[in-house]
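# Chains, contacts and geometry: an overview
Residues per chain, in single letters:
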Amino acid sequence: MSMIAAFYSNKSVLITGATGFLGKVLMEKLFRTSPHLKVIYILVRPKSGQTLQERVFQILNSKLFEKVKEVCPNVHEKIRPISADLNQRDFAISKEDMQELLSCTNIIFHCAATVRFDAHLREAVQLNVIATQQLLLMASQMPKLEAFIHISTAFSNCNLSHIDEVIYPCPVEPRKIIDSMEWLDDSIIDEITPKLIGDRPNTYTYTKALGEMVVQQESGNLNVAIVRPSIVGATWQEPFPGWVDNLNGPSGLIIAAGKGFLRSIKATPMAVADLIPVDTVVNLTIAVGWYTAVHRPKSTLIYHSTSGNLNPCNWYKMGLQVLATIEKIPFESAFRRPNADFTTNNFTTQYWNAVSHRAPAIIYDFYLRLTGRKPRMLKLMNRLLRTISMLEYFINHSWEWSTNNTEMLLSELSPEDQRVFNFDVRQLNWLEYIENYVLGVKKYLLKEDLAGIPKAKQHLKRLRNIHYLFNTALFLIVWRLLIARSQMARNIWFFIVSFCYKFISYFRASSTLKV
Ligand SMILES: CCCCCCCCCCCCCCCCCCCCCC(=O)SCCNC(=O)CCNC(=O)[C@H](O)C(C)(C)COP(=O)(O)OP(=O)(O)OC[C@H]1O[C@@H](n2cnc3c(N)ncnc32)[C@H](O)[C@@H]1OP(=O)(O)O
Ligand SMILES: NC(=O)C1=CN([C@@H]2O[C@H](COP(=O)(O)OP(=O)(O)OC[C@H]3O[C@@H](n4cnc5c(N)ncnc54)[C@H](OP(=O)(O)O)[C@@H]3O)[C@@H](O)[C@H]2O)C=CC1
């Protein structure tokens, strides 16, 4: 029997961010491996016109939860959604709910965050720093609490190139930042943001670093641990390969490349692509919860959930495999034939953005106008290029994360736990993983049926013919214009035409002779 699974039996677990990508996989795995778990409290806010119950119902009825329902048929009774908004004081939790949480919770997994790279500093501080501080305060009032697990990111210190499993302090104390957010207005915050984030690329990584400092400074006597995943991707193995449900990280880029919108990107081909499957992160997180509660380490341990130092893959290899898979299982209604060019300097990037991204969008918009439809492609393309510009930092740098604590934890697990909660990335076969990832994007994000593959292939053939036709027409037009204006171009043109004519006449004559 798995020791970790047994540990979670009869426990009351509190998860923030359970409606997010990582949170859902965490909930699923906990229920599937520990069906006797008492309850999972999830802090949820109503969203997009859906009530809490509707949101939970939607999650439980998704494909991700199909296996759980076989092992734990009463799973819906074990999820207890609590109405909460992490941006509000005391999370706007009702008194009764708060009482129940304070008196019953055994383990906390804090996953909620704003992961947007362009979040305003005030918003990012509120969710990634102040909410963490408030949750720690709540945790300190929980008599039965055994462990508090905080999910951070491996990029919280992306201003460094070698990152150890320690907390690196930011120059300005989190408390000062929190205080200043109360009285500074937005325009002043906008002005000081670049100075505060320093050589980090965005407010997200900066506030996640501040969040870690808060955990270190304000955890008191709690048993606390921090998990730092790198770029979280689709599931590797569990509950099935390739599951993904949002566009963050590589998923959006796989769609953009597969649909032929994105054909070149500024990337360092040999830089390490530090992707980590979401189920690997979740397995580590659950094991960290167990270890922190049972072994009670004297200090806050940090665990890197990264792949680069144990099983590296680079962007070039990843891009090639994405393309190879898309060739086998193309996405439907592609805009252009998929292609993957890596550019390495700003000039070529701007050139290809103009020629390979914006120009086709302008031409397509022209076609839409001609056919009486509303042009939209250029707007979409500009939005995509803005997104890419925000991700560029991460595909043009390499980092080295040490993984001593993560490896130590792996060695502490029984063989059964190593199997059930596998987070050993050395076993990951990248080519297979990426193939399943692309297939997962097609099935679960684009909701495309595999029966449509022959039609998608036909469409790509048509696009190839249009491409050849367009290039030939373009060549002829340019040449015709040149001929009209330049004597030299005319001379070359007449030379080529007469040469071709003589060549064809010679072959005609020789074939007539043979007959
Ligand atoms: C030719 C070559 C091809 C090669 C082949 C392919 C190779 C494959 C490998 C590829 C390399 C992977 C590199 C990953 C690096 C990730 C590093 C993460 C590191 C940190 C990890 C973390 O610790 S933390 C989690 C990461 N946190 C995010 O990853 C949030 C990002 N995101 C935002 O910060 C907001 O999204 C932002 C952008 C402000 C827009 O904001 P915005 O207000 O304009 O609007 P929205 O967010 O509503 O999105 C507007 C439209 O962009 C669409 N979209 C959203 N994300 C998208 C996305 N990633 N790629 C594409 N498209 C995306 C969306 O689908 C909308 O499309 P539509 O309008 O049609 O619905
Ligand atoms: N995805 C990645 O590549 C990586 C993620 N991480 C970390 O993992 C954790 C989870 O990320 P991920 O699952 O990808 O992110 P998601 O954006 O998918 O999920 C974020 C979660 O936080 C919740 N949340 C946000 N704001 C509030 C609020 N005001 N009140 C209540 N809940 C709120 C969201 O709820 P709602 O559904 O209502 O919006 C959602 O459940 C984060 O801490 C992130 O920093 C670290 C490294 C990489």
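Residues numbered from 1 in each chain as written. Chains lettered and ligands numbered in written order. Predicted model: local features only at pLDDT ≥ 70, side-chain atom pairs only at ≥ 80, totals over all residues. Heavy atoms only, no water.

For clarity, the threshold we go by: UniProt positions are given in the numbering used here, feature names are shortened, and annotations may be inferred rather than shown by experiment.
The name given to the protein in an unreviewed UniProt entry is Fatty acyl-CoA reductase, and the organism recorded there is Peromyscus maniculatus bairdii. Checking UniProt for the protein, the heading Sequence similarities (unreviewed entry) contains the comment "Belongs to the fatty acyl-CoA reductase family."

## Focus on the site of ligand 1
So the rule is basically this: Whether a residue is near a molecule or strand depends on its heavy atoms: if one lies within 4 Å, it is near. Polar contacts, as counted here, are pairs of nitrogen or oxygen atoms within 3.5 Å of one another; within protein the pair requires one atom able to donate a hydrogen and one able to accept it, and residues that are adjacent in sequence qualify only if both atoms are side-chain atoms. For the accessible areas, the method is Shrake-Rupley and the probe is 1.4 Å, while residue cover comes only from the protein chains on display. Each helix is a run of DSSP H or I of at least 4 residues and each strand a run of E of at least 2, with the numbering of both proceeding from the N terminus.
Around ligand 1 sit 30 residues, and of these Arg116, Phe117, Thr153, Tyr204 and Leu247 come closest. One of the backbone N or O atoms of Phe117 is found 2.8 Å from an oxygen atom in ligand 1. Measuring from a nitrogen atom of ligand 1, one finds a backbone N or O atom of Leu247 at 3.1 Å. Taken by itself ligand 1 offers 1,400 Å² of open surface, and the protein chains cover 81% of this. Elements supplying a minimum of two residues to the shell around ligand 1: helix H11 (250-258), strand S9 (264-266) and helix H15 (377-395).

## Brief notes about empty space enclosed by the protein
Put simply, the test is: Residues are called lining when one of their atoms sits within 4 Å of a cavity or pocket point, these points coming from a 1 Å grid over the protein atoms alone, where a cavity is a set in which a 1.4 Å probe fits but cannot get out and a pocket is an open set with protein on both sides within 12 Å along at least five of seven lines. Grid points are joined across faces, edges and corners, and a volume is the space filled by probe spheres set on the points. Nonpolar residues are Ala, Val, Leu, Ile, Met, Phe, Trp, Tyr, Cys and Pro. Charged residues are Asp, Glu, Lys and Arg, and all others, Gly as well, are polar.
Tallying each qualifying case throughout the model produces 2 cavities of 30 Å³ or more. Volume-wise, the largest cavity comes out at about 100 Å³. Put simply, the parts of the chain that give the lining of the largest cavity at least two residues each are helix H12 (278-295), strand S11 (301-305) and helix H16 (404-412). The element contributing the most residues to the lining of the largest cavity is H16, with 3 residues. Among the residues making up the lining of the largest cavity, the classes are represented as 6 nonpolar, 6 polar and 3 charged. Together, Phe155, Ile231, Val272, Asp274, Phe394, His397, Ser398, Trp399 and Trp401 line the second largest cavity.

## Here we look at the site of ligand 2
For ligand 2, the set of nearby residues contains 26 residues, the closest of which are Thr19, Lys47, Arg55, Tyr204 and Lys208. Taking Gly20, its main chain carries an N or O atom lying 2.9 Å from an oxygen atom of ligand 2. Note that a nitrogen atom of ligand 2 is positioned 3.3 Å from one of the side-chain N or O atoms of Asn87. For ligand 2, the protein covers 91% of the area, taking 890 Å² as the surface of the free molecule.

## Details of the UniProt feature "domain: Thioester reductase (TE)" (unreviewed entry) in the protein
On the UniProt side, "domain: Thioester reductase (TE)" (unreviewed entry) is annotated at positions that read residues 15-284 here. Secondary structure across residues 15-284 divides into 43% helix and 14% strand, with the first and last C-alpha atoms of the span separated by 16 Å.

## Quick notes on the side chain of Thr114
The criterion, for reference: Contacts were defined at the residue level, with two residues in contact if any of their heavy atoms lie within 4.5 Å.
Its location among the elements puts Thr114 in the loop between strand S4 (107-110) and helix H7 (121-140). Apart from the residues lying within four places of it in its own chain, the contact partners of Thr114 are Ala119, Glu123, Ala124, Leu127, Asn128 and Tyr204.

## Focus: the packing of aromatic side chains
Applicable threshold: Two aromatic rings from Phe, Tyr or Trp, using only the six-membered ring of Trp, form a pair when their centres are within 6.5 Å; if the ring planes differ by under 30 degrees the pair is stacked, by over 60 it is edge-to-face, and anything between is tilted. Burial classes: relative accessible area under 20% of the type maximum marks a residue as buried, over 50% as exposed, and values in between as partly exposed (1.4 Å probe, protein chains only).
Overall, the coordinates contain 24 aromatic pairs when judged by the stated rule. Where Phe261 meets Phe335, the ring centres are 5.4 Å apart and the plane angle is 15°; that geometry is what we call stacked. One end of the pair, Phe261, is in the loop between H11 and S9; the other, Phe335, is in the loop between helix H13 (315-328) and strand S12 (341-343), and 74 residues separate them in sequence. Just as Phe261 is buried, Phe335 falls in that class too. Pairwise contacts between aromatic rings join Phe117, Phe155, Tyr204, Tyr393, Phe394, Trp399 and Trp401 into one cluster.

## Regarding the domain arrangement of the protein
The criterion, for reference: Start and end positions for the domains come from either an automated domain assignment or a database one.
Splitting the protein by domain gives domain 1 (3-241 + 274-312 + 399-426) and domain 2 (455-514). One C-alpha centre belongs to domain 1, the other to domain 2, and the line joining them spans 62 Å.

## Section: the sheet that holds strand S3 (residues 79-83)
Operational definition: At least two DSSP bridges between two strands are required for those strands to pair. Helix axes use the C-alpha atoms of the stretch in contact, all axes being lines fitted to C-alpha atoms, and the angles between their N-to-C directions lie in the range 0 to 180 degrees.
Spatial ordering of the open sheet is given by S3-S2-S1-S4-S5-S7-S11, a layout of 7 strands whose pairing is parallel. A single partner strand is all that each edge strand has here, and the edge strands are S3 and S11. Neighbour-to-neighbour, the strand axes of this sheet turn through a mean angle of 20°, independent of strand direction. Relative to strand S7 (residues 224-229), strand S5 (residues 147-151) runs parallel, the two being bridged by 4 bridges. When the bridges of S7 are listed, Phe148 appears paired with Val224.

## Concerning the nonpolar core
To keep it simple, the criterion reads: Take the buried Ala, Val, Leu, Ile, Met, Phe, Trp, Tyr and Cys residues and link them wherever side-chain atoms come within 4.5 Å; each set so joined is a nonpolar core.
Core analysis: the largest hydrophobic core is formed by 107 residues, its most contacted members being Tyr8, Ile15, Met27, Leu30, Phe109 and Leu409. Those residues within four positions of Leu30 in sequence are excluded, and the remaining contacts are Tyr8, Val13, Ile15, Leu37, Ile40, Phe109 and Ile286. Counting 46 residues, the second-largest nonpolar core is a separate cluster that includes Leu14, Ala139, Leu145 and Cys170.

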